[in-house]
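Chain and residue survey
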Amino acid sequence: MTDFSLLTKCVHSGNYQDETSRGVITPIYISSSYRFLRGPEGVCYPRYYNIPTQKAAAAKIAALEKAESALILASGMAAVTSSLLSLMESGDHAVVQAGVYGGTHHFVASEMSRFNLEFTLVSSDDPADFEAAVQSNTRVVYFETPTNPLLHIVDLDALADLAKRRNLTTVIDNTFATPINQNPLDHGIDVVVHSGTKYLGGHSDLCCGVAASRQELMSRIYETAVNLGGVLGAPECYRLERSLKTLGLRVAQHNRNGQALAEFLQTHPRVRKVYYPGLPDHPGHETARRQMRGFGGMLSVELDGDQDAAFGVVERLELFAHAVSLGGVESLVCFPCLTSHAKVSPEERAALGIGDSLVRISAGIEDTSDLIADWKQALEG
Ligand SMILES: *Cc1c(COP(=O)(O)O)cnc(C)c1O
């Protein structure tokens, strides 16, 4: 397909041409048994990730991430674990950013050693600190940017350069940015994974994950993913593909709302600090400007007063539900100290900058002025 722009790819890439009915959308093929066909395509079977509904969604993701190939998996964690387990052999070592998603952190810290896989956690955004953790048996560098919940930014070009010099494979979790705001493969990163449960699905009604890369690496991930079996069923693959058609439109509004809320909250006397890469005083702002087309819908705010006061503000919000997860059309808020970092000790949390009255905001796609008015009344109520 011609290299169309992202909005066009969202609508058209990967669409399955249904010659039977001539319908314009991809059909949901729920068959788990397919007639045998001699030829290079081989056997069609859901767990082989090759039924047409799965392939259509995968082709759309591959086009959006500018990857040669992609897989749709049953969850973000299925994408993370299938990627890490396929790219490492017994005795290999991974350099892993300490601030990665809690589930990923848990897998790395509590499961990898069972497979004789080693790791070093890096509590820094500085590429030099990633490099300092590289050992002779290091194979993989695993990271996120922006991170949860303080939106730290890691320089994609610098990590790709490090990986080329030291012959490592880089894996990024691109969930917060989405392919609309950031294409890591363009910067030389090797593998992109997503929790599709967030922005890709985008309507808080779907659990899925994706992995995308060049064919050589996807073939390795594919072999392991078939054995691990974390495939997504056809109805959900269809729902993902349908959601992706509006991804570009949704993310544009998430970006507008994230930026507007950050700018408003930064000026409010009841807010101590705002963390958003779109603000010029954010430490990663310049890097984010170079590698992102938009700064996203995720931001965090340190509210004035103690946690009870912060709870009061959150309870007064009308449009922002106090709920976990992120990336849906509806706006949400949560307390990272009670959710993603609940198991981290108060001292460690303080060292990370995650205070008791830090509120994470997932800006939805509602009208911008309604969202700002809601925060204004909640802060002043
Ligand atoms: C939610 C999330 C995951 C895990 O995704 P699931 O779909 O819940 O398995 C991984 N990475 C990030 C950044 C996430 O936000």
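Placed above this text is the structure.
Bear in mind that the values here come from a model prediction, so they are computed numbers and not experimental data. (Residues numbered from 1 in each chain as written. Predicted model: local features only at pLDDT ≥ 70, side-chain atom pairs only at ≥ 80, totals over all residues. Heavy atoms only, no water.)

**What to know about the site of the ligand**
Around the ligand sit S75, G76, M77, Y101, E144, D173, T175, S195, T197, K198 and C208, and that is every residue in its neighbourhood. D173 is positioned with one of its side-chain polar atoms (N or O) 2.5 Å from a nitrogen atom of the ligand. T197 has a polar side-chain atom sitting 2.6 Å from an oxygen atom of the ligand. For the ligand, whose accessible area on its own is 390 Å², the fraction buried by protein is 91%. Here the shell around the ligand is composed, by residue class, of 3 nonpolar, 5 polar and 3 charged. (Near = heavy atom within 4 Å. Polar contact = N/O pair within 3.5 Å; in protein donor to acceptor, adjacent residues only side chain to side chain. Areas by Shrake-Rupley, 256 points an atom, 1.4 Å probe, with all protein chains shown as cover. Nonpolar A, V, L, I, M, F, W, Y, C, P; charged D, E, K, R; others polar.)

**Here's the deal with the layout of surface pockets**
The volume enclosed by the largest pocket comes to roughly 1200 Å³. For the largest pocket, the lining is made up of 49 residues, of which V100, Y101, G102, S340 and H341 are closest to its centre. Going through the elements one at a time, α3 (76–87), α4 (102–111), β6 (191–195) and α13 (346–352) are the ones with two or more residues in the lining of the largest pocket. Examining the composition of the lining of the largest pocket, we find that 5 residues originate from one element, α4, more than from any other. Here the residues of the lining of the largest pocket sort into 20 nonpolar, 22 polar and 7 charged. (1 Å grid on protein atoms, 1.4 Å probe; cavity = no way out; pocket = protein on both sides within 12 Å on 5 of 7 lines; lining within 4 Å. Points joined across faces, edges and corners; volume = space filled by probe spheres on them. Helix = DSSP H or I, 4+ residues; strand = E, 2+ residues; numbered from the N terminus.)

**With respect to the environment of V344**
Note on placement: V344 falls in the loop between β11 (332–334) and α13. Residues V344 and I180, spaced 164 residues apart in sequence, show a C-alpha to C-alpha distance of 32 Å. Once residues lying within four places of it in the same chain are set aside, the contact partners of V344 are R349 and L352. (Contact = heavy atoms within 4.5 Å.)

**Examining unusual backbone geometry**
Here the bond from T145 into P146 is cis, since omega is -5°, no more than 30 degrees from zero. Secondary-structure assignment places P146 in the loop between β4 (138–144) and α6 (156–166). For the bond running from N148 to P149, omega is -5°, close enough to zero to count as cis. Structurally, P149 is set in the loop between β4 and α6. Positioned with a positive phi, R22 is a non-glycine residue whose angle comes to about 65°. Locating R22 in the fold gives a position in the loop between α1 (6–12) and α2 (52–64). By relative accessible area, R22 is classed as exposed at 69%. (Buried < 20%, exposed > 50% of the residue type's maximum accessible area, 1.4 Å probe, protein only.)

**Topic: empty space enclosed by the protein**
Applying the stated rule across the entire model yields 1 cavity of 30 Å³ or more. Taken as a whole, the largest cavity spans an internal volume of roughly 40 Å³. If you trace the largest cavity, you find it lined by P146, L151, F176, A177, M292, F295, G296, G297 and M298. Among the residues making up the lining of the largest cavity, the classes are represented as 7 nonpolar, 2 polar and no charged.

**Details of the pattern of salt bridges**
In this structure the tally under the stated criterion is 18 salt bridges. Put simply, R166 and E131 hold a salt bridge, and the shortest N to O gap is 3.1 Å. Residue R166 is located in helix α6, and its partner E131 is located in helix α5 (residues 127–132); the two are separated by 35 residues in the primary sequence. With a closest N to O distance of 4.0 Å, R290 and D157 form a salt bridge. Here R290, found in helix α11 (residues 285–291), pairs with D157, found in helix α6; they are 133 residues apart in sequence, far enough to count as distant. R290 gets classed as exposed once you look at its relative accessible area, which sits at 51%. (Salt bridge = Lys/Arg side-chain N within 4 Å of Asp/Glu carboxyl O.)

**Some points on the packing of α2 against helix α9 (residues 234–244)**
Taken N-terminus to C-terminus, the directions of α2 and α9 make an angle of 35°; their axes are 8 Å apart at the nearest point. Where α2 crosses over α9, the two elements pack in a sense that is left-handed. The residues of α9 that touch α2, namely those facing T53, Q54, A56, A57, K60, I61 and L64, are A234, C237, Y238, L240, E241 and L244. Looking at the contact of α2 with α9 residue by residue, the classes come out as 9 nonpolar, 2 polar and 2 charged. (Axes fitted to C-alpha atoms, helices over the stretch in contact; angles between N-to-C directions. Left-handed = near helix turned anticlockwise from the far one by under 90°.)

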